[in-house]
Amino acid sequence: MTDWNPTLYSKFEAERMRAARDLLAEVPLASAGLIYDLGCGPGNSAELLLRRFPDARTIGLDTSDAMLAHARIRAPKAKFVKQDIAGWAPGADDRPDLIFANAALQFLPDHDRLFPRLMSYLAPGGALAAQMPNTARESSHALMRMVAAEGPWSSRLVPIAKTQPLIAGYEDYYDWLRPQASRVDVWTTTYVHPLDGPHSIADWFAGSTLQPFLERLDDDERCEFLARYRNGLKEAYPVQPDGRTLFAYPRLFIVAVKAAA
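Here we summarise the structure given alongside this text. All values derive from a computational prediction rather than experimental measurement.

What counts and what doesn't
Residues numbered from 1 in each chain as written. Predicted model: local features only at pLDDT ≥ 70, side-chain atom pairs only at ≥ 80, totals over all residues. Heavy atoms only, no water. Axes fitted to C-alpha atoms, helices over the stretch in contact; angles between N-to-C directions. Helix = DSSP H or I, 4+ residues; strand = E, 2+ residues; numbered from the N terminus. Parallel < 35°, antiparallel > 145°, perpendicular 65-115°, else oblique. Left-handed = near helix turned anticlockwise from the far one by under 90°. Contact = heavy atoms within 4.5 Å. Buried < 20%, exposed > 50% of the residue type's maximum accessible area, 1.4 Å probe, protein only. Core = buried A, V, L, I, M, F, W, Y, C linked by side-chain atoms within 4.5 Å. Nonpolar A, V, L, I, M, F, W, Y, C, P; charged D, E, K, R; others polar. Expected span 1.5 Å × (residues − 1). Arc of directions from axis to C-beta. Pairing = 2+ DSSP bridges. Phe/Tyr/Trp six-rings, centres within 6.5 Å; stacked < 30°, edge-to-face > 60°. Lys NZ or Arg CZ within 6 Å of the ring centre and 35° of its normal.

1. Overview of the packing of helix α6 (residues 139-150) against helix α11 (residues 219-236)
Consideration 1: It is at 10 Å that the axes of α6 and α11 come closest, and there the two elements cross at 140 degrees. Classed by the angle they form, the pair α6 and α11 counts as oblique. Handedness of the α6/α11 crossing: right-handed. Facing Ser-139, Ser-140, Leu-143, Met-144, Val-147, Ala-148 and Glu-150 of α6, the residues of α11 in contact are Phe-225, Arg-228, Tyr-229, Gly-232, Leu-233 and Ala-236.

Have a look at this one:
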């Protein structure tokens, strides 16, 4: 559990990729020479970007060796680099036409500084496109915090729960980006995914948001944590008459275009 699990992450690829496709569809670029894919994961977003911009030099960044190994196989035309996006900056001579971040920036703090900094890297007329799960108030995440606080692991996990960055309001992102932008689009979408029971919600997050909690537990603790989490999900997400569970997943979308020089 010291690395992300690409297989588990990709189990819900069809659901996850709806947001990536919706984000890219709103990028108002006819072409792109250089694209950075921040938090590229197993290469699904890079594959999508290359389909839209086949001639672009596309560079994916991630800290997970397992994710990067999958990405290099999946999108061989792209270049993939192991790097923490928290401190990333392009090369001195690189002015990206597109910075794309699909469900990645929510893991980083200080968005009031992060988003203007990313905008500053763009070429004039370039675009910053990001979408972030806006789930802090959802039952799925409230249960994570509750299980972290109530178990024998609380001294290790409560600090993790407290440091999980919160997504700001849409008006904040507009204000932070507007000084450098000719256009800022911000919108929210709540996707409702019919899943195969509440246990599927646990599987969804085991491949992503639960990772910082699980990696601090031993094998027995991990099993106990997930058992408590799954039991809580059964109450919060009832099964429908057809056997499916409706999983509501809100996301915040941002597309900002850099003003011409």
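2. Some points on the environment of Met-132
Consideration 1: Of note, Met-132 is situated in strand β5 (residues 127-133).
Consideration 2: The exposure class of Met-132 is buried, given its relative accessible area of 0%.
Consideration 3: Measuring from C-alpha to C-alpha, the distance between Met-132 and Thr-188 comes to 9.6 Å, with 56 residues separating the pair along the chain.
Consideration 4: In this structure Met-132 touches Leu-105, Gln-106, His-111, Phe-115, Ile-167, Tyr-173, Pro-250, Arg-251, Leu-252 and Ile-254, once residues within four positions along its chain are discounted.

3. A short note on the nonpolar core
Consideration 1: Counting 29 residues, the largest nonpolar core has Leu-38, Leu-105 and Phe-115 as the members making the most contacts within it.
Consideration 2: If you list the elements that add at least two residues to this core, you get β1 (34-38), β2 (57-62), β4 (98-102), α5 (111-121), β5, α8 (170-177), β6 (181-195) and β7 (245-258).
Consideration 3: The element contributing the most residues to this core is α5, with 5 residues.
Consideration 4: Beyond its immediate sequence surroundings of up to four residues, Leu-105 is in contact with Leu-38, Ile-85, His-111, Leu-114, Phe-115, Leu-118, Ala-130 and Met-132.
Consideration 5: Among the nonpolar cores identified, the runner-up in size contains 26 residues, and Ala-161, Phe-225, Tyr-229 and Tyr-237 belong to it.

4. Some points on the packing of α6 against helix α7 (residues 154-162)
Consideration 1: At a minimum axis separation of 7 Å, α6 and α7 run at an interaxial angle of 150 degrees. In terms of axis orientation, α6 runs roughly antiparallel to α7. On α7, the residues touching Arg-145, Ala-148 and Ala-149 of α6 are Ser-154, Leu-157, Val-158 and Ala-161.
Consideration 2: For the contact of α6 with α7, the residue count by class is 5 nonpolar, 1 polar and 1 charged.

5. Focus: helix α2 (residues 13-25)
Consideration 1: Along its 13 residues, α2 runs 18 Å from first to last C-alpha, staying within 8% of the 18 Å computed at 1.5 Å per residue.
Consideration 2: All of the buried residues along α2 are Arg-16, Met-17, Ala-19, Ala-20, Leu-23 and Leu-24. The buried residues of α2 occupy one face: seen down the axis, they fall within an arc of 150 degrees. More than 90 degrees from the buried face of α2, the exposed residues found are Ala-14 and Ala-25.

6. Structural notes on the environment of Gly-125
Consideration 1: Among the secondary structure elements, Gly-125 is positioned in the loop between α5 and β5.
Consideration 2: For Gly-125, a relative accessible area of 33% gives the class partly exposed.
Consideration 3: A C-alpha to C-alpha distance of 7.4 Å links Gly-125 and Asp-97, two positions 28 residues apart in sequence.
Consideration 4: Every residue in contact with Gly-125, bar those within four places of it in the chain, is listed here: Leu-29, Val-257, Lys-258 and Ala-259.

7. So, the environment of Phe-107
Consideration 1: Counting through the fold element by element, Phe-107 comes out in the loop between β4 and α5.
Consideration 2: Sequence separation between Phe-107 and Thr-163 is 56 residues, and the spatial gap between their C-alpha atoms is 9.7 Å.

8. Digging into the sheet that holds β1
Consideration 1: In space, the 7 strands of this open sheet follow the order β3-β2-β1-β4-β5-β7-β6, with mixed pairing throughout. Both outer strands of the open sheet, β3 (79-82) and β6, are each paired with one neighbouring strand and no more. Each neighbouring strand pair of the sheet contributes to a mean axis angle of 15 degrees, computed without reference to strand direction.
Consideration 2: Across the sheet, α8 is in contact with β5, β6 and β7; its angle to β7 comes to roughly 15 degrees.
Consideration 3: Sheet strands touched by helix α9 (residues 199-206): β6 and β7. Its angle to β7, the strand with the most contacts, is close to 30 degrees.

9. Focus: the packing of aromatic side chains
Consideration 1: Within the structure shown, the criterion is met by 15 aromatic pairs.
Consideration 2: A centroid spacing of 5.8 Å and a plane angle of 90 degrees characterise the contact between Phe-205 and Phe-247, whose relative ring orientation is edge-to-face. Placement of the pair is Phe-205 in helix α9 and Phe-247 in strand β7, with a sequence separation of 42 residues. Phe-247 matches Phe-205 in its accessibility class, with the two residues each being buried.
Consideration 3: Above the plane of the ring of Trp-204 lies Arg-16, whose end atom (NZ or CZ) is 4.7 Å from the centre.

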